[in-house]
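Summary of the model geometry
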Amino acid sequence: MGDEEGYVYEPGVNEGATPEEREFDWRGWTLVATVVFAFIVSPAVILLQPPDLLPFSVAYLVLPLAPAVLLGIVAVWTAVRS
């Protein structure tokens, strides 16, 4: 009894990404820049220039949220590679 709808490996047929598609291009560098911004620049700015308009506890919870959301958006955009 054969399963004709299942996966069958065919030698010599490569349906994966080509090496050109897996290269570290400008999307990768955009992700690296966003990671540096989210993990180094943003916390340094918050430490060196404490916020004045928000209460201390709220500021330290809300201000890191913007770089985190930006990092998530850029990571998904980089992974999709449409």
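Residues numbered from 1 in each chain as written. Predicted model: local features only at pLDDT ≥ 70, side-chain atom pairs only at ≥ 80, totals over all residues. Heavy atoms only, no water.

Digging into helix α3 (residues 65-80)
The end-to-end C-alpha separation of α3 is 23 Å, in line with the 22 Å expected for 16 residues at 1.5 Å each. Pro 67, Leu 71, Val 74 and Thr 78 are the residues of α3 that are buried. Projected down its long axis, α3 carries its buried residues within an arc of 75 degrees, all on one side. Exposed side chains of α3 directed beyond 90 degrees from the buried face belong to Leu 65, Ala 66, Ile 73, Val 76, Ala 79 and Val 80. Lining the buried residues of α3 we find α1 (26-48). (Helix = DSSP H or I, 4+ residues; strand = E, 2+ residues; numbered from the N terminus. Expected span 1.5 Å × (residues − 1). Buried < 20%, exposed > 50% of the residue type's maximum accessible area, 1.4 Å probe, protein only. Arc of directions from axis to C-beta. Contact = heavy atoms within 4.5 Å.)

Some remarks on the side chain of Ser 42
Tracing the backbone through its elements, the reader meets Ser 42 in helix α1. On the accessibility criterion, Ser 42 (10% relative accessible area) is buried. Apart from the residues lying within four places of it in its own chain, the contact partners of Ser 42 are Phe 37 and Pro 67.

Shape is all these values report; function is a separate question.
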